[in-house]
Amino acid sequence: MKVTRVIALVILSMLLSFVSKRSVQAVRQGSSKRMFSWRGGSAGFGAGSTGRSSSTIASAAATAAALSTNYEDLTVLSQYTIAVAYQPKDREESNLFKKKHNQPLPALESPTGEDNAFVAVHQDGSVAVGVADGVGGWADAGYDSSAISRELCATIKHQFSHDSQAQPKQLLETSFQAILESPKVEIGGTTACLGVISNRKLKVANLGDSWCGVFRNYQLVNETAFQTHKFNTPYQLAKIPAHILRQAELEGRRYIRDTPAQADVYEWDLQKDDVVLFATDGVTDNVVPKDIEIFLRDQLEDKKSDLGDVAKLFVKEVVKVSKDSNFPSAFAQELSTLTGQKYLGGKEDDITVVMVRIN
Ligand SMILES: *[C@@H]1O[C@H](CO)[C@@H](O)[C@H](O)[C@H]1NC(C)=O
């Protein structure tokens, strides 16, 4: 009986390590304060929910990494202006990956880390945009976890260019099916949050804990809900080779494999000057909507401000608080609520946003 219980516990902990999007280490460290590294620096965002006004940084120099061909930095159309900005978290070489493939971890070379984003403009004037956040746990197991989010974004973009009438959920379904059949992705898991904008309407499909919000007069009016199985474990689309699934089954383990059909869908009306934000959890684990409202008001009240610069500054500020051990991040606040202990500090992660302003 006791042995069975021990085995059950071992299986449970293995299960946890496989189902968790972030490495289990991060989750374990959640019980100590080590996970919030101290790098100093004061936050430009209002401190969590205190609503302190955000500071304006004189130099809006971009910290975003070099653009890869997958991304447009700024897309200006008559109806929309679209900016993409991102910064991957600091990563160390994975020895495991090197041993297996004798080359550096691809996520290290990806300008967006395991996150990815896309912007697709159709000639009929509609646009599709979105973000996807690759599951980090696969890197720990020696796999390239940046591939699935990158290929999913590229495929959605491609599909939309052929069919701009497709609903976001449909785009997600057909694109994920293509990923399952594509040799470009061996293994991996990802969240996805994407939207199609046409005729002042925004349709969104969300699977997992990335996020989309609509800001009107610098106030959040509509937003997606996070889909999670439990704390820090979002819904995710996964591609896992059959032999790995079989092995897991033999060992009594289970991988999380959600489907595009589980995506939540939304349809919202848009107005001139609305700002639509798509973000990975590197943003929403750190700042709360109130912080974003204050930031947008600060930066966009001057109608001449360049959306590309604003998006880059936004990412820069989120990166800063994510490294601030005193910042009451959304993640630390949730952890405090869950554990009954007081946590403070930002959460370092890949950080990616797509900002759309309705002209
Ligand atoms: C979106 O926000 C607008 C403005 O507040 C509101 O009227 C509308 O009901 C919201 N839509 C949904 C689906 O919640």
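Residues numbered from 1 in each chain as written. Predicted model: local features only at pLDDT ≥ 70, side-chain atom pairs only at ≥ 80, totals over all residues. Heavy atoms only, no water.

Per an unreviewed UniProt entry, the chain is named Protein phosphatase, and its organism is Suhomyces tanzawaensis NRRL Y-17324. Regarding the chain, the relevant UniProt record gives this comment under Sequence similarities (unreviewed entry): "Belongs to the PP2C family." (UniProt positions renumbered as here; feature names shortened; annotations may be inferred.)

Q: Account for the packing of aromatic side chains, with residues named and values stated.
A: The final tally for this structure, using the stated rule, is four aromatic pairs. Taking 5.2 Å as the distance between ring centres and 65° as the angle between the ring planes, the aromatic pair formed by Phe 295 and Phe 314 counts as edge-to-face. Taken together, the residues span a long stretch of sequence, with Phe 295 in helix H10 (residues 289-300) and Phe 314 in helix H11 (residues 307-322) at a distance of 19 residues. Assigned by exposure class, Phe 295 and Phe 314 land together as buried. Looking at Lys 347, its charged tip hangs above the ring of Phe 331, at a distance of 4.9 Å from the centre. (Phe/Tyr/Trp six-rings, centres within 6.5 Å; stacked < 30°, edge-to-face > 60°. Helix = DSSP H or I, 4+ residues; strand = E, 2+ residues; numbered from the N terminus. Buried < 20%, exposed > 50% of the residue type's maximum accessible area, 1.4 Å probe, protein only. Lys NZ or Arg CZ within 6 Å of the ring centre and 35° of its normal.)

Q: Help me get a handle on the sheet that holds strand E2 (residues 80-87), residues and values and all.
A: Overall, antiparallel pairing links the six strands, which are arranged E1-E2-E15-E14-E8-E9 in an open sheet. Looking along the sheet, the strands with just one partner apiece sit at the ends: strand E1 (74-76) and strand E9 (219-223). Taking each pair of neighbouring strands and ignoring which way they run, the sheet shows an average axis angle of 20°. Those strands touched by H10 are strand E8 (211-216), E9, strand E14 (275-279) and strand E15 (351-358), and its axis lies near 50° from that of E8. Across the face of the sheet, H11 comes into contact with E1, E2, E14 and E15 while running at roughly 145° to E15. (Pairing = 2+ DSSP bridges. Axes fitted to C-alpha atoms, helices over the stretch in contact; angles between N-to-C directions. Contact = heavy atoms within 4.5 Å.)

Q: I'd love a proper account of the pairing of E14, names of residues and values included.
A: Most of E14 sits inside the fold, with five of its five residues counted as buried. Here E14 shows no split at all, with Val 275, Leu 277 and Ala 279 on one side and Val 276 and Phe 278 on the other all buried. Both E14 and E15 contribute to a ladder of five bridges, which runs antiparallel. Bridge pairing in E15 places Val 275 opposite Arg 357.

Q: Could you give an account of the site of the ligand, naming the residues involved and the relevant values?
A: Close to the ligand lie Arg 216, Val 221, Asn 222 and Trp 268, which account for all nearby residues. Val 221 places a main-chain nitrogen or oxygen 3.3 Å from an oxygen atom of the ligand. Here Asn 222 contributes a side-chain N or O atom positioned 2.6 Å from an oxygen atom of the ligand. Here the ligand, which alone exposes 360 Å², has 35% of that area covered by the protein. (Near = heavy atom within 4 Å. Polar contact = N/O pair within 3.5 Å; in protein donor to acceptor, adjacent residues only side chain to side chain. Areas by Shrake-Rupley, 256 points an atom, 1.4 Å probe, with all protein chains shown as cover.)

Q: With reference to specific residues and values, describe the sheet that holds strand E7 (residues 201-207).
A: Across the sheet, which stays open at both edges, the five strands sit in the order E3-E4-E6-E7-E13 with antiparallel pairing between neighbours. Only two strands of the sheet have a single neighbouring strand rather than two, namely strand E3 (115-121) and strand E13 (264-269). When the angles between neighbouring strand axes are averaged without regard to direction, this sheet yields 10°. Across seven bridges, E3 lies against strand E4 (residues 127-133) in antiparallel orientation.

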